[in-house]
Amino acid sequence: MQISPVRISETPEWHAVTAHSASMRDVHIRDLFASDPARGRSMTLDGADLHLDYSKNRLTAETIDLLARVAERAGLRERIAAMWAGEHINVSEDRAVLHIALRAPRGQSITTAGVNVVPAVHEVLDRMAVFAERVRTGEWTGYTGKQISTVVNIGIGGSDLGPAMAYDALRPFAERHIGCRFVSNVDGSDIWEATEDLDPASTLFIVSSKTFTTLETITNAKTARDWLLANLSDDAAVAKHFVAVSTNAAKVAEFGIDTDNMFGFWDWVGGRYSFDSAIGLSLMISVGANAFREMLDGFHAVDEHYRNAPIRENLPALLGLIGVWYNDFFGAETQAVLPYNHYLSRFPAYLQQLDMESNGKSVTLSGEPVDVATGPVVWGTPGTNGQHAYYQLIHQGTRIIPADFIGFVAPNHEVGEHHDLLMANFFAQTEALAFGRPAPDGQPYRYFAGNHPTNTILAPKLTPRVLGELVATYEHKVLTQGVIWGIDSFDQWGVELGKELAQRIVPELGASETPDLAHDSSTNTLIARYRAGRGRK
Ligand code: G6Q
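Conventions and cut-offs
- Residues numbered from 1 in each chain as written.
- Predicted model: local features only at pLDDT ≥ 70, side-chain atom pairs only at ≥ 80, totals over all residues.
- Heavy atoms only, no water.
- 1 Å grid on protein atoms, 1.4 Å probe; cavity = no way out; pocket = protein on both sides within 12 Å on 5 of 7 lines; lining within 4 Å.
- Points joined across faces, edges and corners; volume = space filled by probe spheres on them.
- Helix = DSSP H or I, 4+ residues; strand = E, 2+ residues; numbered from the N terminus.
- Nonpolar A, V, L, I, M, F, W, Y, C, P; charged D, E, K, R; others polar.
- Salt bridge = Lys/Arg side-chain N within 4 Å of Asp/Glu carboxyl O.
- Buried < 20%, exposed > 50% of the residue type's maximum accessible area, 1.4 Å probe, protein only.
- Expected span 1.5 Å × (residues − 1).
- Near = heavy atom within 4 Å.
- Polar contact = N/O pair within 3.5 Å; in protein donor to acceptor, adjacent residues only side chain to side chain.
- Areas by Shrake-Rupley, 256 points an atom, 1.4 Å probe, with all protein chains shown as cover.
- Pairing = 2+ DSSP bridges.
- Axes fitted to C-alpha atoms, helices over the stretch in contact; angles between N-to-C directions.
- Contact = heavy atoms within 4.5 Å.
- Arc of directions from axis to C-beta.
- Core = buried A, V, L, I, M, F, W, Y, C linked by side-chain atoms within 4.5 Å.
- Right-handed = clockwise from strand over helix to strand, strands pointing away.

Undergrad: Talk me through the layout of surface pockets; I want residue IDs and the actual numbers.
TA: Here the largest pocket is characterised by a volume of approximately 950 Å³. Elements with a minimum of two residues in the lining of the largest pocket: helix 9 (215–232), helix 15 (347–359) and helix 19 (496–510). Split by residue class, the lining of the largest pocket holds 11 nonpolar, 16 polar and nine charged. Computed from the structure, the second largest pocket encloses a volume of approximately 390 Å³. Contributing to the lining of the second largest pocket are 17 residues, with Asn341, His342, His418, His419 and Leu422 lying nearest its centre. The residue inventory of the lining of the second largest pocket, partitioned by class, reads seven nonpolar, 10 polar and no charged.

In structure tokens form, the structure reads like this:
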């Protein structure tokens, strides 16, 4: 696809936001509420089951309008249409971007290169459902006839963070007699800890790798195979204890996994956009095919909202615009995401990859250096833990830290008063951040300036459907921002250099003779010191 990105900083729409931002610089959220008593009701928006309150931000209706014009000028509507049309909007990799097809209902048609991809998606989902059910009911057994009690997903990055996050998020819906573990790190401690107390006869490994060439995953998968065979001592056992999720059948077969037990996906699914594909197999085994489908329905509901709602009433788009406002006009460098639900512990880590790998770019789609700030540092942990740790800096530090607060009306477990206490804190924090409090006389350290911007996302309950809605919301927020900044949100060339240099260093660490080191003096000295410490020359 030939996309000619607009150099957004040179457009009148961007200039209008710049001028407007100067007039908003010293405006306090307190004053915005005082001058508009209805603000807390009017600056809200619903998308699927998610309710967004964006009133506690340093902005007005005019701000949203001006930012929406920027998005229009950047071609957001056209890019959304191009994505759904299967055009190659991932320009640097020359690929379509069709994670939205992963959750399209049976019968919908989404085509790329003249092929409707939805039937193939459902064919894989159906195979996954059959397999997941066999494992859950115990019909699928290990080599010795034992039922599977632990599933170990081996994958990294997009082939790990999504299923690991969602497995935690949907624990209340999980089949408890089967546990899932996630091994990603090439540090041997990861696989060691994951397998140390397991019975190989009841362990199923899912090797999840789009390419099936990733160093960490293949190394861990080989170690897992050795561990299994050290106990079950028959190569035939591999077929009963290993399945694969990949796009690379040849490599899967080469590893020794029966390709009948391989679940495929496609090059139009980016790694960090993939846990609703077969990459979610471990999750499906845990929660079952029905819950998995409910999750896909949630994704789809937000997809439809994003595709159809006008920009000013579009929840993911609005989150994107508000992010651009602070990122580019207030110099905010980070974005906090603070879920008030313990099951979402890994949600910020998941979003870190989604957002930072997608929008951590400094060239435009046409290869020019960007001249606006792009993706922020994303971080966070579940509330209320952060309140007793780093919230201090958000309240009284010198930086502007836009924060998304995510909370739920109903708890996953009614335990005493816990949920009301949790949610009281949830509401109190955004109130305190926005409005602050004057200092008592002579105690300036007790001054809360307020004016700290937050979005509140309130959902009925954390269910599979709502999880899908939340993830789709952030996926589309990221696209919205990428379009405005004129970058490719779907490639990840930044991970390449480190991989390449590591491959060069591997033989230097293991060499029996002193290797000729031709790095910089720091790297040479560190490698020599490591070799010496390992008893090598
Ligand atoms: C995600 C990235 C990256 C990828 C991993 C694993 O968008 O592409 O995180 O998911 O490098 O790759 P494989 O699935 O090919 O092993």
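Undergrad: I'd like to hear about the pattern of salt bridges, residue by residue, with values.
TA: In the structure shown here, the tally under the stated rule is 23 salt bridges. Close ionic contact of Arg73 with Glu13 constitutes a salt bridge, the shortest N to O distance being 3.2 Å. You can see Arg73 sitting in helix 4 (residues 61–74) and its partner Glu13 sitting in helix 1 (residues 12–24), a full 60 residues away along the chain. The class for Arg73 is partly exposed, based on a relative accessible area of 38%. The closest approach of N and O atoms between Arg307 and Glu304, which form a salt bridge, is 3.3 Å. A residue pair is termed a helical-turn pair when its members lie 3 or 4 positions apart in one helix, as Arg307 and Glu304 do in helix 13 (residues 289–308) at three residues. Given a relative accessible area of 31%, Arg307 falls into the partly exposed group. In the salt-bridge network here, residues are joined through shared partners; they are Asp65, Arg69, Glu72 and Arg312.

Undergrad: For helix 18 (residues 464–485), give the residues involved together with the corresponding values.
TA: Taking 1.5 Å of rise per residue, the 22 residues of helix 18 would be expected to cover 32 Å, and the 32 Å separating its terminal C-alpha atoms lies within 8% of that figure. With 21 of 22 residues buried, helix 18 is to be regarded as a mostly interior element. The positive-phi residue at the C-terminal boundary of helix 18 is Gly486, with phi of around 75°.

Undergrad: For the site of the ligand, give the residues involved together with the corresponding values.
TA: Around the ligand, 13 residues are found, and the nearest of them are Ser159, Ser209, Lys210, Thr211 and Thr214. One of the backbone nitrogen or oxygen atoms of Lys210 is found 2.7 Å away from an oxygen atom of the ligand. A distance of 3.5 Å is found between an oxygen atom of the ligand and a backbone nitrogen or oxygen belonging to Gly271. Look at the ligand: alone it shows 400 Å² of surface, and the protein chains cover 87% of it. Across the shell around the ligand, the residue classes tally to one nonpolar, nine polar and three charged.

Undergrad: Could you give me a rundown of the sheet that holds strand 9 (residues 262–264), with the residues and numbers involved?
TA: Read across the sheet, five strands follow the order 6-5-7-8-9 without closing on themselves; strand pairing throughout is parallel. Because the sheet does not close on itself, it has two edges, and the strands there are strand 6 (179–183) and strand 9. The average undirected angle you get between the axes of adjacent strands in this sheet is 20°. Bridging between strand 5 (residues 150–154) and strand 7 (residues 203–208) involves five bridges; their strand directions are parallel. Following the sheet pairing, Asn153 is matched in strand 7 by Ile206. Helix 8 (residues 188–195) rests against strand 5, strand 6 and strand 7 of the sheet, and its axis sits at about 165° to strand 6.

Undergrad: Any chance you could break down helix 17 (residues 418–435) for me, citing the residues and the numbers?
TA: If you check helix 17, its first and last C-alpha atoms are 26 Å apart, about what 18 residues at 1.5 Å a residue would give, namely 26 Å. Within helix 17, the full set of buried residues consists of His419, Leu422, Met423, Phe426, Gln429, Thr430, Leu433 and Ala434. Mapping the buried residues of helix 17 onto a view down its axis gives an arc of 120°, with all of them on the same face. In this structure, the buried side of helix 17 is in contact with helix 2 (29–35), helix 16 (391–396), strand 12 (403–408) and strand 13 (454–459).

Undergrad: Pulling in residues and values, what's your account of empty space enclosed by the protein?
TA: Rolling a probe over the atoms, with the probe sized like a water molecule, indicates the empty space that remains. Applying the stated criterion across every chain, the model contains five cavities of 30 Å³ or more. Roughly 60 Å³ of volume is contained in the largest cavity. As for the largest cavity, its lining consists of Gly323, Tyr326, Asn327, Ala332, Thr334, Gln335, Pro376, Pro402, Lys477, Gln481 and Trp485. Of all the elements in the fold, those that place two or more residues in the lining of the largest cavity are helix 14 (315–329), strand 10 (334–339) and helix 18. Taken together, the residues that form the lining of the largest cavity break down as five nonpolar, five polar and one charged.

Undergrad: I'd love a proper account of the pairing of strand 2 (residues 50–53), names of residues and values included.
TA: Pairing geometry for strand 1 (residues 44–47) and strand 2, over four bridges, is antiparallel. Its bridge partner being in strand 2, Leu45 is matched across the sheet by Leu52. Linking two consecutive strands that pair antiparallel, namely strand 1 and strand 2, is a turn of two residues; a positive phi of about 50° is found at Ala48 within it. Inspection of the sheet shows strand 2 paired to strand 13 by three bridges, in the antiparallel sense. Residue pairing for strand 13: Leu52 is matched across the bridge by Ile457.

Undergrad: Before we move on, could you go through the nonpolar core and cite the residues and values that matter?
TA: Of all hydrophobic cores here, the largest spans 124 residues; its most connected members are Trp268, Ile285, Phe347, Leu467 and Ile484. For this core, the element with the most residues is helix 18, which contributes 11 residues. The next biggest cluster of nonpolar side chains, apart from the first, holds 25 residues, and it includes Ile154, Ile218, Trp227 and Leu232.

Undergrad: Help me get a handle on the pairing of strand 5, residues and values and all.
TA: In regular strands, side chains alternate between the two faces of the sheet. Strand 5 sits mainly inside the fold: five of its five residues count as buried. Burial along strand 5 is two-sided: Thr150, Val152 and Ile154 and Val151 and Asn153, pointing in opposite directions, are all buried. With five bridges connecting them, strand 5 and strand 6 associate as parallel partners. Bridge assignment links Asn153 to a residue of strand 6, and that residue is Phe182. Since strand 5 and strand 6 lie parallel, the crossover through helix 7 (residues 161–169) that links them has a hand, and here it is right-handed.

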